[in-house]
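Inside the fold
As a plain string of letters, each chain reads:
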Amino acid sequence: MGTTTIFFLLSFVNVVMAGFLVFELGGVGGEMSRISPSEEEEENMELERQLKFLNKPARKSFRDLDGSIYDCVDINKQPALDHPLLKNHEIQMEPPSLSREMIYETQASHSFMEPAEIGIKGVECPPGTVIIRRTRKEDLIFARKHSKSYHSDTVKSNGYHLAVVRTANGSYHGASGMMDIFNPYVKPNQFSEAIIRVQHRSPETSSMNYIQAGWAVNPMLFKDNQSRLFSYWTADEYRKTGCFNIICPGFVQVSRNLTFGMVLAASGYGQPFQSAIIIQISQHPRTGDWWLKSYPGDYQVGYWPKALFTGLADHAMEIYWGGEVHGPVNDSPQMGSGHFAVEQYGRACFMANLEISKEGNGFVDADTVELTPFSTSDCYTSLFRGRIRGAPRDMMYFGGPGGDGC
């Protein structure tokens, strides 16, 4: 690598590690009393049934400082395999094979960053198990209310907004980027996210499949205002499917120490050193499954099986990098750092080293295809800066203050 004139440190995911308690659990759930249920009691009973369905018996569990519980679940008995399309699914342990030289030379060996461990330091689920954040009743209530809040591209009517850079329509098999982490101000009834999305819209039916992953500040889901690793997917534009993290069956977890819901260290506004995580979503050229990876550490978190999707079973048509938010109509949260894209490094949230996979066997710079900034509201902006001397390649910025009228 050549000598650079700009040096900035990107310290990666710093999951809250101190204060973890390790304890053995028997089963999860309990017997329900036989009562004459009112409508509310019947709903509570249904939620309890769903919790027993999702929260499988754990061999070991860990509790973090915010009270979240992470269970070590038998890999072959995890919730994903309860999905009707995955009844005979065989767990895959071989992610797409990509060039390590490409991954580390282009994303992790710059003088701009110092690779660090991610996951729960010193804690790992036993072999044959995977780590999964235990679902709570509040999670299910949130999912019922908000999974269908997600929409396509123009949804001011339901309080949803995007500010992204997106590719031209094409055939894509992966997307990657280095994602700046902030803790935007979010009210209890709002959420704010930074995302990388792979998306397919059927020209015949206009039905949309997509997968996205990144960080989210979501007090409704996580009960605090910290940035956490998250994902969301739908196979039919939210008509019958639409799921955060592992709140419904679908995503197959393979990692023993990194999963959705874990806390990420946030950047400070105006600071020269920014905290970031590298997210990669890539389709396996043989199985068609979509894998989620994070770097450094080469963590294979897991995958969304091809069987869940229609269009995405073959390829993605568009890639998005940027931010999205949701809140009550005319009262939207901050996106990114809460500052507009034009303020750029240290002030606006960024994504760097934007990459795409077009052939399913490697990644290339995203600017090999047409890229367009896109926003659904004047309250948020996105900006593509392309290649900047002395900085990570293909940078984009996004964000905005939100507020009344948005």
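Residues numbered from 1 in each chain as written. Predicted model: local features only at pLDDT ≥ 70, side-chain atom pairs only at ≥ 80, totals over all residues. Heavy atoms only, no water.

Some words on the overall build of the protein
The cut-off we apply is this: A run of H or I in DSSP becomes a helix once it reaches four residues, and a run of E becomes a strand once it reaches two; helices and strands are each numbered from the N terminus. Burial classes follow relative accessibility: with a 1.4 Å probe on protein chains only, a residue under 20% of its type's maximum area counts as buried, one over 50% as exposed, and anything between as partly exposed. Contacts: residue pairs with any heavy atoms within 4.5 Å of one another. Areas reported here follow the Shrake-Rupley algorithm with a probe of radius 1.4 Å; residue values treat only the protein chains shown as occluding.
Regarding its fold elements, the protein presents four helices and 23 strands. Taking all 406 residues of the protein together, the buried fraction comes to 60%. Taking the contacts inside the protein whose residues are at least 6 apart along the sequence as the reference set, 76% of them involve residues at least 24 apart. Summing over all exposed atoms, the protein offers an accessible surface of approximately 16400 Å²; the carbon and sulfur share of this is 51%.

What to know about the sheet that holds strand S9 (residues 208–217)
Note the threshold: Any two strands with at least two DSSP bridges between them are considered paired.
Ordered by their spatial adjacency, seven strands build an open sheet running S11-S10-S9-S8-S16-S6-S20, and the pairing between neighbours is antiparallel. Two strands lie at the open edges of the sheet, namely strand S11 (243–244) and strand S20 (371–375), each paired on one side alone. Relative to S11, strand S10 (residues 228–234) runs antiparallel, the two sharing two bridges. The residue bridging Tyr232 from the neighbouring strand is Phe244, located in S11.

Observations regarding the state of the cysteines
The following threshold applies: When the sulfur atoms of two cysteines come within 2.5 Å, that pair is taken as a disulfide.
Evaluation of the coordinates by the stated rule reveals three disulfides. Here Cys72 connects covalently by a disulfide to Cys125, the sulfurs 2.1 Å from one another. The sign of the S-S torsion, about -80 degrees, decides the handedness of the disulfide formed by Cys72 and Cys125: left-handed. Of this pair, Cys72 sits in strand S4 (residues 69–74) while Cys125 sits in the loop between helix H2 (100–107) and strand S5 (129–133), and the two are 53 residues apart along the sequence. Residue class for Cys125 comes out buried when judged on its relative accessible area of 1%. Covalent S-S linkage joins Cys379 and Cys406, the inter-sulfur distance amounting to 2.0 Å. Between Cys379 and Cys406, the S-S torsion sits near -90 degrees, and that sign places the bridge as left-handed. Of this pair, Cys379 sits in the loop between S20 and strand S21 (381–386) while Cys406 sits in the segment after strand S23 (403–404), and the two are 27 residues apart along the sequence. With respect to class, Cys379 is no different from Cys406; both count as buried. Bonded cysteines in the protein are paired 1-2, 3-4, 5-6 when counted in the order they occur along the chain.

Let's talk about the pairing of S4
The buried fraction of S4 is high, at five of six residues. Bridging between strand S3 (residues 58–63) and S4 involves five bridges; their strand directions are antiparallel. The residue of S4 that forms the bridge with Lys60 is Cys72. What sits between S3 and S4 in their antiparallel hairpin is a turn of five residues, with Gly67 showing a positive phi close to 95 degrees. Looking at chain direction, S4 and S5 are connected through five bridges and run antiparallel. Paired with Cys72 across the two strands is Ile131, which belongs to S5.

Overview of the pattern of salt bridges
Note that side chains of opposite charge can pair when their charged atoms are close. Spelled out, the test is: The term salt bridge refers to a side-chain nitrogen of Lys or Arg lying within 4 Å of a carboxyl oxygen of Asp or Glu.
Enumeration over the complete set of coordinates arrives at twelve salt bridges. In this structure, Lys56 and Asp82 form a salt bridge, with 2.5 Å as the shortest nitrogen-oxygen distance. Residue Lys56 is located in the loop between helix H1 (39–54) and S3, and its partner Asp82 is located in the loop between S4 and H2; the two are separated by 26 residues in the primary sequence.

Section: unusual backbone geometry
Positive phi outside glycine occurs at Asn330, with the angle close to 70 degrees. Note that Asn330 resides in the loop between strand S16 (318–326) and strand S17 (331–332). Exposure remark for Asn330: the relative accessible area of 38% places this residue in the partly exposed category. Positive phi values are uncommon outside glycine, yet Asn353 reaches one of about 55 degrees.

Section: the confidence of the model for the protein
Selection rule: Confidence scores per residue from the predictor, reported as pLDDT, run from 0 to 100.
When pLDDT is averaged along the protein, the result is 82; 79% of the residues meet or exceed 70. When the elements of the protein are averaged for pLDDT, strand S2 (residues 21–23) gives the smallest value, 35, and strand S12 (residues 252–253) the largest, 98. In the predicted structure, residues 99–117 sits below a pLDDT of 50 and forms 55 contacts with residues beyond four places in sequence or in another chain.

A short note on the packing of aromatic side chains
Filter applied, for reference: Here a pair means two rings of Phe, Tyr or Trp (six-membered ring of Trp) with centres within 6.5 Å. Their orientation is stacked below 30 degrees between planes, edge-to-face above 60, and tilted elsewhere. Whether a charge sits over a ring depends on NZ of Lys or CZ of Arg being within 6 Å of the ring centre and within 35 degrees of the ring normal.
Taken as a whole, this structure holds eleven aromatic pairs when the rule is applied. Ring pairing ties together the aromatic residues Phe142, Phe191, Tyr210, Tyr232 and Phe244, which thus form one cluster. Over the aromatic face of Tyr210 sits the side chain of Arg197, whose NZ or CZ is 3.9 Å from the ring centroid.

Here's the deal with H1
Along an α-helix, residues three or four positions apart point the same way, because every turn accommodates 3.6 residues. Definition in use: Here the expected length of a helix is defined as 1.5 Å per residue gap, with one fewer gap than residues.
Taking 1.5 Å of rise per residue, 16 residues should cover 22 Å, and H1 covers 23 Å from first to last C-alpha, within 8% of that figure. Along H1, the positions that sit buried rather than exposed are Met45, Leu47, Leu51 and Leu54.

What about the nonpolar core?
Condition: What is meant by a nonpolar core is a set of buried Ala, Val, Leu, Ile, Met, Phe, Trp, Tyr and Cys residues, joined one to another through side-chain atoms within 4.5 Å.
Membership of the largest hydrophobic core comes to 95 residues, with the highest contact counts inside it found for Trp304 and Trp321. Considering each element in turn, this core owes the most residues, seven residues, to S9. Counting ten residues, the second-largest nonpolar core is a separate cluster that includes Ile278, Ala341, Ala352 and Tyr397.

Remarks on the pairing of strand S7 (residues 174–180)
Most of S7 is tucked away, with seven of its seven residues classed as buried. Alternating positions in S7 separate into two faces, Gly174, Ser176, Met178 and Asp180 on one and Ala175, Gly177 and Met179 on the other, with burial throughout.

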